[in-house]
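Per-entry structural report
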Amino acid sequence: MSARLNDPAQHDADASEEVALAAAALLDRLRETAPLTHCITNSVVTNFTANALLALGAAPAMVDITGEAGMFASIAGGLLVNLGTPTPEQRDAAREAVAAARDAGTPWVLDPVAIGALPVRTALAHELTEFRPTAIRGNASEILALAGDGAGGRGVDAADTTDAATDAAARLAGRFGSVVAVSGPVDLITDDRRTVRLANGDALLTRITGGGCALGAVTAAFLAVGDDAFEATVAANLVYTVAAELAADGAAGPGSFGPRFLDALAAVDAAELGARARVVLDAGRGAGLDVDVDVDESLAEIAEVGA
């Protein structure tokens, strides 16, 4: 989520174009429909997460109390469950929400923040995965811990590399039928059949509160408008990290980056996605994305960048 891969020899140009076109189509759909995105998230990042969704074009709802969480999850377009501050009521609300999401067919995202060494959230993360999240996103240490291969990171920070979590991510995806997104200098997204690495983003995302957590909510919003969970998760990661690059250009530091990032989420478009996408494919496999877009029209828009 913080790489700048500028050497064309290091990424697949055809795959980058394909992924950018798919992401642009889903971004347009999101902005046209403003999906209701239900967030049960941690108290540190609630405001930033809601603002990120609003800037992007989605409609946030931070419903995290029992008696309402299940009801809301059943009518929302997408759901995020983030375990950053798992109070007793939030834990029960999360259980209620994911059960309702499963019954209603609402796509949902699990963000297992800081699991591994901390027992309450770790047990809850394993419990919730049995409800088969549509997507799981976290850093490498969180994904390793969820797969039973590690003891977690340094608080919310990863102590492991994305490469180290590749096999764990694939196993989780295969076991639970989830798309697994591993954030790092180069992001990894897999559904155990298709794997894409995205080398976009900026290190300033790691220096503001909510830089990772809000991505879970954005993923839920894209899942609400996507027909293919892998495609939607890739699109969410690409849009988010390209927006980070736009925000970082000209930012003096974390203080100016935060508001610029919200502006960039509102402004990012097909042209910027096409110009900046840096996709690396695993083991020679294609991205496997298939969307109904006007390729000639989209390429023409992308070509206008810098004109």
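For the structure itself, look to the data block above.
Presented here is a report on the structure given in the accompanying data block.

Of note, Thr41 is situated in the loop between β1 (36-40) and α2 (46-56). Every residue in contact with Thr41, bar those within four places of it in the chain, is listed here: Thr46, Met62, Leu80, Asn82, Thr85 and Gln90.

What follows concerns the pattern of salt bridges. Enumeration according to the criterion identifies 14 salt bridges in this entry. Two residues, Arg194 and Asp191, come together in a salt bridge whose shortest N-O distance is 2.8 Å. We note that Arg194, like Asp191, is buried. Here Asp249 ties to Arg276 by a salt bridge, and the two come within 2.9 Å at their closest N and O atoms. Here Asp249 is found in the loop between α9 (229-248) and α10 (254-267), whereas its partner Arg276 is found in helix α11 (residues 270-276), with 27 residues between them in sequence. Looking at Asp249, the relative accessible area reads 35%, which means it is partly exposed. Through salt bridges with shared partners, a single network forms among Asp191, Arg193, Arg194 and Asp228.

Attention shifts here to the packing of α2 against α10. It is at 7 Å that the axes of α2 and α10 come closest, and there the two elements cross at 35 degrees. Pair α2 / α10 crosses with right-handed handedness. Contacts from Phe48, Asn51, Ala52, Ala55 and Leu56 of α2 reach α10 at Gly258, Phe261, Leu262, Leu265 and Ala266. Grouping the constituent residues of the contact of α2 with α10 by class yields 8 nonpolar, 2 polar and no charged.

What follows covers the pairing of strand β5 (residues 135-139). If a strand is regular, its side chains alternate between the two faces of the sheet. The buried fraction of β5 is high, at 5 of 5 residues. Residues Ala135, Arg137 and Asn139 line one face of β5 and the alternating positions Ile136 and Gly138 line the opposite face, and both faces are buried. When strand β4 (residues 108-111) meets β5, the two strands line up parallel, connected through 2 bridges. Within β5, the position partnered with Leu110 by the bridge is Ile136. This β-α-β element, β4 to helix α5 (residues 119-129) to β5, shows right-handed connectivity. The pairing of β5 with strand β6 (residues 179-183) spans 5 bridges and is parallel. Its bridge partner lying in β6, Ala135 is registered against Val179.

Criteria and cut-off values
One numbering rule holds for all chains: residues counted from 1, following each sequence as written. Only residues with pLDDT of at least 70 are given local features in this predicted model, and only at 80 or more are side-chain atom pairs given and counted; all residues enter the totals for whole chains, interfaces and linings. The side-chain values count all of the structure's non-hydrogen atoms but skip hydrogen atoms and water molecules. Runs of E in the DSSP output that reach at least two residues are strands. Runs of H or I that reach at least four are helices, and both are numbered from the N terminus. Any two residues having at least one pair of non-hydrogen atoms within 4.5 Å are treated as being in contact. Basic side-chain nitrogens of Lys or Arg form a salt bridge, by our definition, when they fall within 4 Å of a carboxyl oxygen of Asp or Glu. Summary of the burial criterion: residues with accessible area below 20% of their type's maximum are buried, those above 50% are exposed, and those between are partly exposed, where the area comes from a 1.4 Å probe applied to protein chains only. Convention adopted: a line fitted to C-alpha atoms gives each axis, helices being fitted over their contacting stretch, and angles between N-to-C directions are expressed from 0 to 180 degrees. Should the near helix be turned counterclockwise from the far one by less than a right angle, the crossing is left-handed, whereas a clockwise turn marks it as right-handed. Under this grouping Gly is polar, as are all residues other than the nonpolar Ala, Val, Leu, Ile, Met, Phe, Trp, Tyr, Cys and Pro and the charged Asp, Glu, Lys and Arg. At least two DSSP bridges between two strands are required for those strands to pair. When the strands point away from the viewer and the path from the first strand over the helix to the second turns clockwise, the crossover is right-handed.

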